[in-house]
Amino acid sequence: FFFQAEDGIRDYKVTGVQTCALPICAVMALAAWFWGITAAAAAEADREAQIKSAVIFKLLQFVEWPDKSASTAPLRVAVLGEAAVADPLREIANSKKAGTRPIEVKVIQPEQALDGLHAIFIPGSQKASCASILSATKGKPIVTISETENFCLSGGMINFVREGPNLAFEIQNK
């Protein structure tokens, strides 16, 4: 490229290393920016999973279970598939109880039996399994929780929804 010197225009040669240095720096800056966004998105997803886990825990404390004789038996909560909610929910279960009941959290797959469960979380990634899970839990004392559109209208009990930047939940009142 050229630059203006006091005594006229001079040709300034740029070596291959210098020519590549700017694009590599730009690529590195772009990559750092992207990883920063990716890290921020991952942190936001972790935070959302922690909030959902805390809400699930709190809501389960308000459920009146039909078998009052099992007041000290573990409360069994399943998470369908490998949802991000499982780990923070386990952390809560390791340090807290739902009333007098310890909490057991396990990850299950769609084809597994739901016997012995008290609650199940169906993440959005498992939306295709909602109808079969709701059918299998109908009439049973199993709290169904999800984050899929129209979950409560389809017979689910608790559904996480987005209201702008906020996370909220719906509860079916029937």
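Overview of the structure. Because the structure is predicted, anything quoted here is derived from the model rather than measured.

Conventions adopted
Residues numbered from 1 in each chain as written. Predicted model: local features only at pLDDT ≥ 70, side-chain atom pairs only at ≥ 80, totals over all residues. Heavy atoms only, no water. Buried < 20%, exposed > 50% of the residue type's maximum accessible area, 1.4 Å probe, protein only. Helix = DSSP H or I, 4+ residues; strand = E, 2+ residues; numbered from the N terminus. Pairing = 2+ DSSP bridges. Right-handed = clockwise from strand over helix to strand, strands pointing away. Phe/Tyr/Trp six-rings, centres within 6.5 Å; stacked < 30°, edge-to-face > 60°. Arc of directions from axis to C-beta. Contact = heavy atoms within 4.5 Å. Core = buried A, V, L, I, M, F, W, Y, C linked by side-chain atoms within 4.5 Å. Axes fitted to C-alpha atoms, helices over the stretch in contact; angles between N-to-C directions.

Quick look at the pairing of strand β6 (residues 119-122) now. Burial along β6 is two-sided: the residues Ala-119 and Phe-121 and Ile-120 and Ile-122 are all buried. Across three bridges, strand β3 (residues 75-80) lies against β6 in parallel orientation. Bridged to Val-79 within β6 is Phe-121. For β6 and strand β7 (residues 143-146), the ladder comprises four bridges, and the chain directions are parallel. Directly across from Ile-122, in β7, lies its bridge partner Ser-146. One crossover worth recording links β6 to the parallel β7 by way of helix α3 (residues 130-137), and it is right-handed.

Moving on, we come to the packing of aromatic side chains. For the structure on display, the rule yields one aromatic pair. Each ring, one from Phe-121 and one from Phe-160, has its centre 6.4 Å from the other, and the planes form 65 degrees; the classification is edge-to-face. Of this pair, Phe-121 sits in strand β6 while Phe-160 sits in strand β8 (residues 158-163); the two residues are 39 residues apart in sequence, bridging distant segments of the chain.

What follows covers the pairing of β7. Neither face of β7 is open: one carries Val-143 and Ile-145, the other Thr-144 and Ser-146, and all of them are buried. Direction of pairing for β7 relative to β8: parallel, over a ladder of two bridges. Bridge pairing in β8 links Ile-145 to Ile-158.

Count 3.6 residues to each turn of an α-helix, and residues three or four apart come out pointing the same way. When we look at burial in α3, the residues that qualify are Cys-130, Ile-133, Leu-134 and Thr-137. Each buried residue of α3 sits inside an arc of 95 degrees when the element is viewed along its axis, so together they form one side. Exposed side of α3, more than 90 degrees from the buried face: Ala-131 and Ser-135 are the residues found there. Against the buried residues of α3 lie β3, β6 and β7.

What follows covers the nonpolar core. Formed by 25 residues in total, the largest nonpolar core has its most connected members in Ile-56, Leu-60 and Phe-121. Elements represented by at least two residues in this core include exactly α1 (16-61), β3, α2 (86-95), β5 (101-108), β6, β7 and β8. At six residues, α1 tops the list of elements feeding residues into this core. The residues touching Phe-121, leaving out its near neighbours within four places in the chain, are Ile-56, Ala-78, Val-79, Leu-80, Ala-83, Val-85, Ile-145, Ser-146, Glu-147 and Phe-160. In terms of nonpolar packing, the next biggest core, distinct from the first, is built from 12 residues, Ala-78, Leu-117, Ile-133 and Phe-151 among them.

Turning our attention to the sheet that holds β7. Read across the open sheet, the seven strands follow the order β4-β5-β3-β6-β7-β8-β9; overall the sheet is mixed. Here the strands that pair on one side only, and so sit at the sheet edges, are β4 (97-98) and β9 (166-171). Where β8 lies against β9, six bridges are found, and the strand directions are antiparallel. Pairing of Phe-160 across the sheet is with Phe-169, part of β9. Contacting β3 and β5, α2 runs over the sheet at an angle of about 160 degrees to β5.

Below, the discussion takes up unusual backbone geometry. With a phi close to 65 degrees, Asn-150 is a non-glycine residue in the positive phi region. Its place among the elements puts Asn-150 in the loop between β7 and β8. Of the residues examined, Asn-150 reaches a relative accessible area of 41% and is grouped as partly exposed.

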